[in-house]
Each structure stands twice: as C-alpha cells, then as structure tokens.
Amino acid sequence: MMGNLTLFLVQWGLTSLSLWAASYIFSGLRFADGGSLLIAALLLGFANAVVKPLLILLTLPLTVLTMGLFLLVVNALVLMLVSALVSGFTISSFWTAFFASIFISLFSLFIGNLLT
C-alpha cells in the first residue's frame with residue numbers, strides 16, 4: 001500500500017504528464033518551461049481539490065438543468081484559473097481550455113487505471 005506522500009507524488013506526476021501531453025495536442029495550450037508545467041500541475045491538483053467543489057456547489061442549479069454537462073465548463077474554468085495564476089502557462093481561448101480539460105481528465109483516468 002502506498003503512503004500518502006507517494007500517492008501525492010504519483011498524482012502530481014500523472015497530472016504533469018497529462019498537461020504535457022495536452023500541450024502537444026492543443027496548439028493553444030503552452031508551457032514556457034518544465035518549471036511552469038510542474039507548478040501548473042501542482043496548482044491544478046489544489047484547484048481541483050478546493051476550488052472546483054466550491055464552483056460545483058455554486059453552479060449546482062445550472063449543472064442539474066444541463067444534466068451535468070455544465071461540469072465540463074467548470075473544468076475549463078478551473079484550468080483557465082490555473083493558467084492565469086501560473087506565469088509561463090498560457091491558454092489561448094475558452095474552447096482550448098474546454099477541450100483540453102476533457103482530454104486531461106480522460107488521459108489521467110486512462111493512465112491512472114494502468115498504474116493500479
């Protein structure tokens with residue numbers, strides 16, 4: 001069984017790998033260097049743990065009305081928030097963030113399942 005620190009590092013690495021892969025697939029998603037990638041991955045994990053649940057709670061009526069599809073918008077907004085906070089991480093548009101967040105989620109899920 002993995003310890004908490006090991007689990008954290010694996011998750012951070014997985015998020016970093018997902019962001020790195022997304023930057024090769026989506027031309028509007030760029031990292032200036034490896035440091036900005038690692039910081040963005042760390043901040044994305046924090047945002048997904050803290051900010052995203054608050055956004056989901058605040059947008060619950062809209063999420064219910066759209067049968068959960070608004071969660072895709074919430075994911076894109078969280079990714080855009082991280083890009084606004086990390087220098088060296090840029091996203092060209094909302095739609096780039098929208099489709100990149102879907103890719104990042106699916107890629108992380110796929111790789112995570114391979115590791116377990």
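Residues numbered from 1 in each chain as written. Predicted model: local features only at pLDDT ≥ 70, side-chain atom pairs only at ≥ 80, totals over all residues. Heavy atoms only, no water.

By the naming in an unreviewed UniProt entry, the protein is Phage holin family protein, taken from Polynucleobacter antarcticus.

Next up on the list: the environment of Met80. Along the chain, Met80 turns up in helix H5 (residues 70-85). Judged by its relative accessible area of 29%, Met80 falls in the partly exposed class. Distance from Met80 to Ser93, taken between C-alpha atoms, is 8.7 Å for residues 13 residues apart in sequence. Residues within four places of Met80 in sequence aside, it is in contact with Ile91, Phe94 and Ala97. (Helix = DSSP H or I, 4+ residues; strand = E, 2+ residues; numbered from the N terminus. Buried < 20%, exposed > 50% of the residue type's maximum accessible area, 1.4 Å probe, protein only. Contact = heavy atoms within 4.5 Å.)

As a further point, take the nonpolar core. Ranked by size, the top nonpolar core spans 24 residues in total, and within it Leu19, Leu29, Phe31, Ala40, Leu79, Val82 and Phe89 carry the most contacts. Ranked by the residues each element gives to this core, the list is headed by H5, at 7 residues. Leave out the neighbours within four places in its chain, and Leu29 touches Leu19, Ala22, Ser23, Leu79, Phe89, Thr90, Ile91, Thr96 and Ala100. (Core = buried A, V, L, I, M, F, W, Y, C linked by side-chain atoms within 4.5 Å.)

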